Amino acid sequence: MKNLSPRKEHKFSFGLWTVGNPGRDPFGEPTRPMISPVKLVKHLSEIGAYGVNFHDNDLVPIDATQAEREKIVREFKAALDDYGMVVPMATTNLFTDPVFKDGAFTSNDPRVRLYAVQKTMRSMDLGAELGAKIYVFWGGREGAEVDASKDAYEAIKWFRESLNFLCEYSISQGYDYRFALEAKPNEPRGDIYFPSSGAYLGFIATLDHPEMVGVNPEVGHEQMAGLNFYHVVAQALEAGKLFHIDLNDQKGPRFDQDLRFGSEGIKNLFFLVKLLEEKGYEGPRHFDAHAYRSEDEEGVWDFAAGCMRNYLIFKEKARQFNEDKEIQALLAEIHAIDKSFEPLPMKFTKERAEQVKAYNLDRIELAKKKLPYEKLDQLVVDLLLGVR
Ligand code: GLT
Ligand code: MN
Ligand code: MN
C-alpha cells in the first residue's frame, strides 16, 4: 500500500463536537472528559488534519459574556496559527437549548424563529472572524413529533424566509459564505422537514439566492432513509451543489450513529471516495463522527486516525481499480457498442425527432447483450478485501 499518512493537502477536517464528543448518549452520561478546543486543534494538526469546524457554542458557551467571548476567540485564533490549522466551515447550534424544543426556523413561535435567525447571524460573525467560508445548516429540531401541532406547509415558508434573510446578511457583511444544507430524516424522535439531500436540492431552487446555497450530505443520514449515498452525492456534485460533505458510517436504517468513516459500509464508501476524487470535489473531507463510547482520549485519536486512513485506503483502491487490467478489460467489454451504431446527439430539433422515431432499433437483439456484472462485482470485492 502507498503512503497512508494524512497530510494537509488531503483537506481532512473534524468538528470540535466530533473529537470533542465525551461519549454521552440518550441512555448514559459522558464516559470521558471534555477536551478543550485549543488542545483539539493541536492534536488534529499533529495527526494530519488541515481544518477544524465548530458550532457557535462548541467554542463560545451560550451564556458567555462579551469579554469571555473575546478571550476564547483570541486563544483559539492563536492555536490555529500555532498549529497551521484553518476553519473551513462553521455552523449554529439550533438544537441543544430548550428554547428550540419545538423547532428553530420552523418553531410555531415567531419569537423563537427570530431568536434562531439572530443566533445564526452572531454565529456567522464568529465563523467569518475565524475565516470560515462554508456555513452549514443542520435543522436538528426542524420538524415535528406531533403533526397536529405544526403546519408543515407553512413551516417550509418560515424556513425559506429565514434562509433568504441570512443570505442577504452574508452578502451585506461581505462574508462570502456558501450555505450548505444538511438533511437527516429523523432525530431523535421527531420527523425532520427536508428529510434527504434530494429534498433540499428541490428547495434550493425556490430561494432568492440559489447560487449561494448547496448541500452537506452525511453518509449516515441518507442511509437512515435507506438511500445509496454514492448516488446521493453524485447527484449533488453533478448539480454543482456539493458545498461540503459529512463523512461517517452507519449500520443501516436506524438512529444516527456517526461511526468511524469506513468502519461499516465499505463498498459504497469506496465508490463515494472514487467519485469525490475523480469528479472534481475540492471542498473539505469532513468527518462528522465520534469514537465509541467505550474509548478514552487515546481511543479518540485512534478513531480520528482511522477515519482518515480509511479515506486514503479507498483512494488508493480507486487508483488500483483504474489500473487493474482485468477490471478495465471487463468494463471495456461491458461498455462496448457495435461499430455499426451511429449515435444520434440528443439535441432536440424537429428533424432529429423524426430521425429518433424512425431509427431502426431491434429490442430483442439489444436485450441479448451480455453483462457480466457478477464477475465485475466480485473483482471489486476481491480488490477491496485485498486478495488482488
Ligand atoms: C450534530 C448532527 C450532525 C451535524 C452537526 C452540525 S451537529 O452532530 O448530528 O450531523 O452535522 O450541525
Ligand atoms: Mn449524523
Ligand atoms: Mn453531520
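Residues numbered from 1 in each chain as written. Chains lettered and ligands numbered in written order. Predicted model: local features only at pLDDT ≥ 70, side-chain atom pairs only at ≥ 80, totals over all residues. Heavy atoms only, no water.

Looking at the packing of helix α9 (residues 229-238) against helix α10 (residues 266-278)
Then comes step 1: Between α9 and α10, the shortest axis-to-axis distance is 8 Å and the interhelical angle comes to 15°. The orientation of α9 relative to α10 falls into the category roughly parallel. Crossing angle aside, the handedness with which α9 passes α10 is right-handed. On the side of α9, the interface is formed by F229, Y230, V233, A234 and L237, while α10 contributes N268, F271, L272, L275 and L276.
Then comes step 2: Of the residues belonging to the contact of α9 with α10, the class tally is 9 nonpolar, 1 polar and no charged. (Axes fitted to C-alpha atoms, helices over the stretch in contact; angles between N-to-C directions. Helix = DSSP H or I, 4+ residues; strand = E, 2+ residues; numbered from the N terminus. Parallel < 35°, antiparallel > 145°, perpendicular 65-115°, else oblique. Left-handed = near helix turned anticlockwise from the far one by under 90°. Contact = heavy atoms within 4.5 Å. Nonpolar A, V, L, I, M, F, W, Y, C, P; charged D, E, K, R; others polar.)

Observations concerning the coordination of the manganese ion (ligand 3)
Then comes step 1: Surrounding the manganese ion (ligand 3) are the protein donor atoms E182 (OE), E218 (OE), D246 (OD) and D288 (OD), which sit 1.9 to 2.1 Å from the metal.
Then comes step 2: Of note is the manganese ion (ligand 3), whose 6 donor atoms meet at the metal with angles of 76 to 166° in an arrangement that counts as octahedral.
Then comes step 3: Summarised as a motif, the one-chain spacing of the donors to the manganese ion (ligand 3) is E-x35-E-x27-D-x41-D. (Donors = N, O, S within 2.8 Å, 3.2 Å for Na, K, Ca; no water. Tetrahedral: all angles 85-135°; square planar, octahedral: opposite > 155°, others 65-115°.)

Quick word on helix α5 (residues 110-129)
Then comes step 1: The end-to-end C-alpha distance of α5, which contains 20 residues, comes to 29 Å, matching closely the 28 Å that a straight helix rising 1.5 Å per residue would cover.
Then comes step 2: At the exit of α5 stands G131, carrying a positive phi of roughly 95°. (Expected span 1.5 Å × (residues − 1).)

A short note on the domain arrangement of the protein
Then comes step 1: Its domain assignment divides the protein into domain 1 (8-321) and domain 2 (324-384).
Then comes step 2: For domain 1 and domain 2, the distance between their C-alpha centroids amounts to 39 Å.
Then comes step 3: On the side of domain 2, 9 residues touch domain 1, which itself brings 7 residues to the contact.
Then comes step 4: Here domain 1 meets domain 2 over a buried area of about 750 Å², counting both sides, of which 69% is carbon and sulfur. (Domains from an automatic or database assignment. Buried area = accessible area lost by both parts, 1.4 Å probe.)

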